[in-house]
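Residues per chain, in single letters:
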Amino acid sequence: MIVCVAVVGHQNNPLYIQSFTDADDALKLHHIVHCSLDVVDERVNNPKKAGPTLNETFLGLLYPSENFKVYGYLTNTKVKFILVTTELDVKDGDMRNFFRKFHSVYVDAVSNPFHVPGKKITSKTFAERVSTLVKSFGSSSAA
Amino acid sequence: MGREVSESCVDSLLTEMVSSYCNSFYANKPDLAARRIEAIGYQVGHQLSERYTMDRPRFGDHLEAIKFICKDFWSELFKKQIDNLKTNHRGTFVLQDNRFRWLTRMSVEPTPESPDASDDPESKASQATSMHLYFPCGIIRGALSNLGIPCAVSADISNLPACSFVVRIKV
């Protein structure tokens, strides 16, 4: 189950962050997302470590913690997508697929002429599409 | 399959936008009108670059990004690639299009009377044409800045349908 997704701008400014848990742990999840930004920077600035996945948008598993796994994705325009999941064995392919869909939803949202670049995404349609995507991810990998 | 846009509609929209900004909104301030048109192009380029770079790996350096603009980005916009790319390897790139689509239907206004009038029709025509080039300049600048390359873009018209864009990357 995906518990949190976040979109972070190129200056590490939050553009969108949403948790999908019933428990009151939003703050904890935000903290995890915040920590993962350093891992993204490290990956991108140390090309040696990245190895074969050099310059790929999908960054893979950023770091595992006790209960969560954090995945990252960096677009060409230096926008980061961070995803926190409780599932411990997720296929990279599924994750890639999710991020690709998520990216296209994001692109649709920022192509809105009323969206101001660099500001938070307030579109309701975006929020709805993201939550549908998150829900469908949970059900497809459980099945 | 992407949605298609009528080419003549885009042409008319561009012409109308330029004429509204030059003749009614900022009739006596051509500099301000140019800046506004450039800003519209900037936003368009900013958003288009987000969409067109979706399925490709990140760019390693500036040249790769410029090549992307010349090839894929230009093909998406104008169904052709940039014809010639020159660079001095110090941050200046010249992108030459021998038949720039938005200028192909541009005609020089017929000269009304004596050719040696005070305001030369030749320069007037080139001024009108250059007004139409602020929009594509803005598009290029918007796309490149969204890819993390701040730059300044200007356009040169040599002989009408041909045109070149000069990109200067800010260090």
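Our subject is the structure that appears above.
A brief report on the enclosed structure follows. (Residues numbered from 1 in each chain as written. Chains lettered and ligands numbered in written order. Predicted model: local features only at pLDDT ≥ 70, side-chain atom pairs only at ≥ 80, totals over all residues. Heavy atoms only, no water.)

Re the overall build of chain A
Now for step 1: Helix and strand counts for chain A come out as four helices and five strands.
Now for step 2: Along chain A, helices (α) and strands (β) appear in the sequence β-β-α-α-β-β-β-α-α when read from the amino end.
Now for step 3: For a compact globule of 143 residues, the expected C-alpha radius of gyration is about 15 Å, and chain A comes in at 14 Å, within 12% of that figure.
Now for step 4: Counting only C-alpha atoms and orienting by the principal axes, one finds that chain A spans roughly 40 × 35 × 25 Å.
Now for step 5: Evaluated residue by residue, chain A yields a buried proportion of 43% over its 143 residues.
Now for step 6: Sequence-distant contacts in chain A: of pairs separated by 6 or more residues, those separated by 24 or more amount to 53%.
Now for step 7: For chain A, the exposed surface amounts to about 7700 Å²; the carbon and sulfur share of it is 55%.
Now for step 8: Computed over 16 positive and 14 negative side-chain charges, the separation of the two mean positions in chain A equals 7 Å. (Helix = DSSP H or I, 4+ residues; strand = E, 2+ residues; numbered from the N terminus. Rg over C-alpha atoms; globule rule 2.2 N^0.38 Å. Buried < 20%, exposed > 50% of the residue type's maximum accessible area, 1.4 Å probe, protein only. Contact = heavy atoms within 4.5 Å. Areas by Shrake-Rupley, 256 points an atom, 1.4 Å probe, with all protein chains shown as cover. Lys, Arg positive; Asp, Glu negative; His and termini not counted. Charge placed at Lys NZ, Arg CZ, Asp CG, Glu CD.)

Focus on helix 3 (residues 62-78) of chain B
All names here are of chain B.
Now for step 1: Taking 1.5 Å per residue as the helical rise, helix 3 with its 17 residues ought to reach 24 Å, and the 22 Å between its terminal C-alpha atoms agrees with that figure.
Now for step 2: At Ile69, helix 3 shows its maximal kink, close to 35 degrees.
Now for step 3: Burial in helix 3 covers these residues: Ala65, Ile66, Phe68, Ile69, Cys70, Phe73, Trp74 and Phe78.
Now for step 4: Downstream of helix 3 by one or two residues, Lys79 has phi in the positive range, about 60 degrees. (Expected span 1.5 Å × (residues − 1). Bend = angle between axes of the 7 residues up to and from the residue.)

Here's the deal with the packing of helix 3 (residues 92-110) of chain A against helix 2 (residues 30-52) of chain B
Now for step 1: Where helix 3 of chain A contacts helix 2 of chain B, the two axes come as close as 10 Å, and the packing angle between them is 170 degrees. What the angle tells us is that helix 3 of chain A and helix 2 of chain B run roughly antiparallel. Remark: the crossing between helix 3 of chain A and helix 2 of chain B carries left-handed chirality. Every residue of helix 2 of chain B that contacts helix 3 of chain A at His103, Tyr106, Val107, Asp108 and Val110 of chain A is listed here: Gln47, Glu50 and Arg51 of chain B.
Now for step 2: A breakdown of the residues in the contact of helix 3 of chain A with helix 2 of chain B according to their chemical character gives three nonpolar, two polar and three charged. (Axes fitted to C-alpha atoms, helices over the stretch in contact; angles between N-to-C directions. Parallel < 35°, antiparallel > 145°, perpendicular 65-115°, else oblique. Left-handed = near helix turned anticlockwise from the far one by under 90°. Nonpolar A, V, L, I, M, F, W, Y, C, P; charged D, E, K, R; others polar.)

Notes on the side chain of Ser36 of chain A
Residues and elements named next belong to chain A.
Now for step 1: Position of Ser36 among the secondary structure elements: in helix 1 (residues 26-45).
Now for step 2: We classify Ser36 as buried; its relative accessible area is 0%.
Now for step 3: A distance of 2.5 Å separates a polar atom in the side chain of Ser36 from the backbone oxygen of Val33. (Polar contact = N/O pair within 3.5 Å; in protein donor to acceptor, adjacent residues only side chain to side chain.)

Thoughts on the environment of Asp61 of chain B
Residues and elements named next belong to chain B.
Now for step 1: Looking at the element boundaries, Asp61 is found in the loop between helix 2 and helix 3.
Now for step 2: For Asp61, a relative accessible area of 43% puts it in the partly exposed group.
Now for step 3: When the C-alpha positions of Asp61 and Ile149 are compared, they lie 9.6 Å apart, and in sequence the two are 88 residues distant.

Notes on the state of the cysteines
All names here are of chain B.
Now for step 1: If you walk through the whole model with that rule in mind, you get zero disulfides over all chains.
Now for step 2: Left unpaired, Cys70 is separated from the closest cysteine sulfur, that of Cys151, by 12 Å.
Now for step 3: Residue classification places Cys70 among the buried positions, given a relative accessible area of 6%.
Now for step 4: In this structure Cys137 is a free cysteine whose sulfur lies 7.5 Å from that of Cys163, the closest cysteine sulfur available. (Disulfide = S-S within 2.5 Å.)

Some words on the sheet that holds strand 2 (residues 92-97) of chain B
All names here are of chain B.
Now for step 1: Sheet architecture is open: four strands sit in the order 1-2-4-3, paired in antiparallel fashion. Lying at the two open borders of the sheet, with one neighbouring strand each, are strand 1 (84-87) and strand 3 (151-157). Here the strands of the sheet are splayed against their neighbours by 20 degrees on average, with no regard to which way each runs.
Now for step 2: One ladder, built from six bridges, connects strand 2 with strand 4 (residues 163-169); its direction is antiparallel. Within strand 4, the position partnered with Gln96 by the bridge is Ser164.
Now for step 3: Contacts from helix 3 reach strand 1, strand 2 and strand 4, with the element oriented near 15 degrees to strand 2. (Pairing = 2+ DSSP bridges.)

Describing the environment of Phe81 of chain A
All names here are of chain A.
Now for step 1: Along the chain, the position of Phe81 falls in strand 5 (residues 80-85).
Now for step 2: Judged by relative accessible area, Phe81 falls into the buried class, the value being 0%.
Now for step 3: Separated by 48 residues in the primary sequence, Phe81 and Val33 have C-alpha atoms spaced 9.7 Å apart.
Now for step 4: Those residues within four positions of Phe81 in sequence are excluded, and the remaining contacts are Ala6, Val7, Tyr71, Gly72, Tyr73, Thr75, Phe99, Phe102, His103 and Tyr106.

What to know about the nonpolar core
Now for step 1: Ranked by size, the top nonpolar core spans 40 residues in total, and within it Ile69, Trp74, Leu95, Phe100, Leu144, Phe165 and Val167 of chain B carry the most contacts.
Now for step 2: Those residues in contact with Trp74 of chain B, other than ones at most four positions away along the chain, are Ile69, Lys79, Lys80, Gln81, Ile82, Asp97, Phe100, Ile140 and Phe165 of chain B.
Now for step 3: In terms of nonpolar packing, the next biggest core, distinct from the first, is built from 28 residues, Leu83, Phe98, Leu133 and Phe137 of chain A among them. (Core = buried A, V, L, I, M, F, W, Y, C linked by side-chain atoms within 4.5 Å.)

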